[in-house]
Amino acid sequence: MSAIVRSWVRIFCPKCGKRAKFELADEWRIKCCECGHERSLANGMLTR
């Protein structure tokens, strides 16, 4: 059995004003592929 793993997630970006693709970055951070806005993950929850 195999698994497919993505290194990105599509969520709302407050800077772009629309749903955008965010890629995983260092230290529990995700970064918008369009504008570079960063968000962090704390305890598995998305924070600003």
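About the thresholds
Residues numbered from 1 in each chain as written. Predicted model: local features only at pLDDT ≥ 70, side-chain atom pairs only at ≥ 80, totals over all residues. Heavy atoms only, no water. Core = buried A, V, L, I, M, F, W, Y, C linked by side-chain atoms within 4.5 Å. Buried < 20%, exposed > 50% of the residue type's maximum accessible area, 1.4 Å probe, protein only. Helix = DSSP H or I, 4+ residues; strand = E, 2+ residues; numbered from the N terminus. Phe/Tyr/Trp six-rings, centres within 6.5 Å; stacked < 30°, edge-to-face > 60°. Lys NZ or Arg CZ within 6 Å of the ring centre and 35° of its normal. Salt bridge = Lys/Arg side-chain N within 4 Å of Asp/Glu carboxyl O. Pairing = 2+ DSSP bridges.

**Topic: the nonpolar core**
Counting 6 residues, the largest nonpolar core is built from Ile11, Cys13, Ala20, Phe22, Ile30 and Cys32. Put simply, the parts of the chain that give this core at least two residues each are strand E1 (8-13), strand E2 (18-24) and strand E3 (29-32).

**So, the packing of aromatic side chains**
Any aromatic ring pair is given by two values, namely how distant the centres are and how the planes are angled relative to each other. For the structure on display, the rule yields 0 aromatic pairs. Its guanidinium or amino end placed over the ring of Trp8, Lys21 lies 5.0 Å from that ring's centre, counting from NZ or CZ.

**Overview of the pattern of salt bridges**
Under the definition given, this model contains 2 salt bridges. The partner of Lys18 in a salt bridge is Glu34, with the nearest N and O atoms 3.2 Å apart. Taken as a pair, Lys18 in strand E2 and Glu34 in the loop between E3 and strand E4 (38-42) lie far apart in primary sequence, 16 residues in all. Its relative accessible area of 41% is what places Lys18 among the partly exposed residues. When its relative accessible area of 48% is taken as the criterion, Glu34 is described as partly exposed. A salt bridge links Glu38 to Arg29; the shortest N-O distance between them is 2.8 Å. For Arg29, a relative accessible area of 31% puts it in the partly exposed group.

**Concerning the pairing of E3**
Residues of E3 alternate between two faces, with Ile30 and Cys32 buried on one and Arg29 and Lys31 left unburied on the opposite face. Here E2 hands over to E3 after 4 residues, with Glu27 in that stretch at a positive phi of 50°. Sheet topology places E3 next to E4; 3 bridges connect them, and they run antiparallel. Note on E4: the bridge partner recorded for Ile30 is Arg39. Connecting E3 to the antiparallel partner E4 that follows it, the hairpin turn spans 5 residues, and Gly36 within it adopts a positive phi of roughly 90°.

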